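Breakdown of the fold
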Amino acid sequence: DVSRLGPVAQLFVSERGNDVKLTVDADLQQAAYAALGHRKGAVVVLDAQSGAVLAMVSRPSFDPANIEGQWDSLRQQSDGPLLNRASQGLYPPGSTLKVMMADAALKEKVTDLQEIFNCTGHLDLGGGYVMQESHGAVHGKLNLEQAVTESCNITFATLAMRMGASKLDAAFDRFGFGKTFDNEIVESPSHLPDFSKLGKGDTAQVGIGQSSLLVTPLRMALLAAAFANQGVMMRPYLIDEVISPGGVIIKKGSPGKWLEVTSAERAAVIDSFMEKVVQKGTGTAARVDGIRVTGKTGTAENAAGADHAWFIGSAALQHRKIAFAIIVENSGGGGTEAAPIARKIIMSLLDK
């Protein structure tokens, strides 16, 4: 009996490899997969307080048990089933980025909670370029909280132009957009423009998550998690344990603080704005009775076709606080297409 030799026993038992236990919650993964349905897109759910990945769904997908037999056809499919959209798909963040922009504008003191903006439905950026509010909306007079709740493009374009290149650069750096995790999660690097080379129009577009910005859904789930976790972004991890054939734990995944992206005070302010989005703003489709849900919708313009629908946010459950990012490709508005998926995910956790 070599088992009592502990890790040394592995030298004698070679036919079995190690077992890898993931942080993924199988029921939650199934619920997220079902909620996305037959639409293309991705769902990421994190434990906001630890960084553990609880669900990571990408559709269209494939059966990993039969990948060898399907390899040639999978490789040739135009809808990219082999791409893990959750951590490797790159998309414009659209209005989901406005929560970071609100934080940056407050930090850089280019606005405060009292300032009243006037949204006339358009913003003249000079050179014959006018930014229009989406769906022809005119929000009128509103403060920063209302601008987040109503997702006012004119306000956030204005704030981005006030910040300018160096302050925008500092904000993206602070939130880790240029950094990598250096662990088992392979993520496509974010695509950020050179802010110093942007004209007025493109700088305004950065304020609403457009221009040439491209990020992964995982990245936006981390952003949501930071606001739910007092401004601390935990390093995301997928491996819970690696166990030898003899039952010895060789490696244990553990929570690690990654970045302090904002102060606890400002995180609480942005978190409260995000709660209003779900209570009475663009994200009411994510509401769940008796649960504190926060969110931010996004409808990202996409040069190659119809808009992508986004929803990011968090939910405070009995035993844990989750954060999530959901994208549904080419489907339209985030409030109507992506927010209901968040509600289904939260409901599935309550059913447990």
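Remember, predicted model here, so these are calculated numbers, not experimental data.

1. What to know about the packing of helix H4 (residues 98-107) against helix H9 (residues 264-280)
In contact at an axis separation of 10 Å, H4 and H9 are set at 140 degrees when each is read in the N-to-C sense. Viewed along their axes, H4 and H9 adopt a mutual orientation that is oblique. Crossing geometry of H4 relative to H9 is assigned as right-handed. Only Arg266, Val269, Ile270 and Met274 of H9 make contact with H4, whose side of the interface consists of Val99, Ala102, Asp103, Leu106 and Lys107. Considered class by class, the residues forming the contact of H4 with H9 number 6 nonpolar, no polar and 3 charged.

2. Considering the sheet that holds strand E14 (residues 321-328)
Within the open sheet, the 5 strands sit side by side as E3-E2-E14-E13-E12. Their pairing is antiparallel. Among the strands making up the open sheet, the edge pair consists of strand E3 (53-59) and strand E12 (292-302). Averaged over all pairs of adjacent strands, the angle between strand axes in this sheet comes to 10 degrees, irrespective of strand direction. Relative to E3, strand E2 (residues 41-47) runs antiparallel, the two sharing 6 bridges. Bridge pairing in E3 links Leu46 to Val53. Set on the sheet, helix H1 (residues 26-36) makes contact with E2, E3 and E14; between it and E3 the angle comes to about 30 degrees. Contacts from H9 reach E12 and strand E13 (305-316), with the element oriented near 80 degrees to E12.

3. Describing the layout of surface pockets
Of the voids in this model, the largest pocket is the one considered here, and its volume is about 580 Å³. Taken together, 28 residues line the largest pocket, and the ones lying closest to its centre are Ser95, Ser134, His135, Asn153 and Thr299. At the level of elements, strand E6 (130-132), E12 and helix H10 (334-337) are the ones that each hand at least two residues to the lining of the largest pocket. Broken down by element, the residue count for the lining of the largest pocket peaks at 4 residues, all from E12. For the lining of the largest pocket, the residue count by class is 5 nonpolar, 18 polar and 5 charged.

4. Side note on the environment of Gly334
For Gly334, the location among the structural elements is in helix H10. When the C-alpha atoms of Gly334 and Gly94 are compared, they prove to be 9.8 Å apart, with 240 residues separating the residues in sequence. Beyond its immediate sequence surroundings of up to four residues, Gly334 is in contact with Thr297, Gly298, Thr299, Ala309, Trp310 and Ala339.

5. Remarks on the packing of aromatic side chains
Tallying each qualifying case throughout the model produces 6 aromatic pairs. Plain terms: the ring middles of Phe311 and Phe324 are 5.9 Å apart, the flat faces sit at 20 degrees to each other, and that makes the pair stacked. In this pair, Phe311 is assigned in strand E13 and Phe324 in strand E14, connecting sequence segments 13 residues apart. Grouping aromatic residues by their ring pairs yields a cluster made of Phe172, Phe177 and Phe195.

6. Observations regarding the packing of H1 against helix H11 (residues 339-351)
What describes two packed helices is the angle between their axes and the distance between those same axes. As a packed pair, H1 and H11 sit with axes 9 Å apart at the nearest point and diverge in direction by 150 degrees. The angle between H1 and H11 falls in the class roughly antiparallel. By crossing handedness, the relation of H1 to H11 is classed as right-handed. Note on element contacts: H11 touches H1 through Ile341, Lys344, Ile345, Ser348 and Leu349, opposite Leu28, Ala31, Ala32, Ala35 and Leu36. Within the contact of H1 with H11, the residues separate by chemical class into 8 nonpolar, 1 polar and 1 charged.

7. Examining H4
Because an α-helix completes one turn every 3.6 residues, residues spaced three or four positions apart along the sequence face the same direction. Of all the 10 residues making up H4, 9 are buried; the element is thus mostly covered by neighbouring parts of the structure. Within the sequence span of H4, burial applies to Lys98, Val99, Met100, Met101, Ala102, Asp103, Ala104, Ala105 and Leu106. Of the residues one or two after H4, Lys109 is the one with positive phi, at around 55 degrees.

What counts, and where the lines are drawn
Residues numbered from 1 in each chain as written. Predicted model: local features only at pLDDT ≥ 70, side-chain atom pairs only at ≥ 80, totals over all residues. Heavy atoms only, no water. Axes fitted to C-alpha atoms, helices over the stretch in contact; angles between N-to-C directions. Helix = DSSP H or I, 4+ residues; strand = E, 2+ residues; numbered from the N terminus. Parallel < 35°, antiparallel > 145°, perpendicular 65-115°, else oblique. Left-handed = near helix turned anticlockwise from the far one by under 90°. Contact = heavy atoms within 4.5 Å. Nonpolar A, V, L, I, M, F, W, Y, C, P; charged D, E, K, R; others polar. Pairing = 2+ DSSP bridges. 1 Å grid on protein atoms, 1.4 Å probe; cavity = no way out; pocket = protein on both sides within 12 Å on 5 of 7 lines; lining within 4 Å. Points joined across faces, edges and corners; volume = space filled by probe spheres on them. Phe/Tyr/Trp six-rings, centres within 6.5 Å; stacked < 30°, edge-to-face > 60°. Buried < 20%, exposed > 50% of the residue type's maximum accessible area, 1.4 Å probe, protein only.

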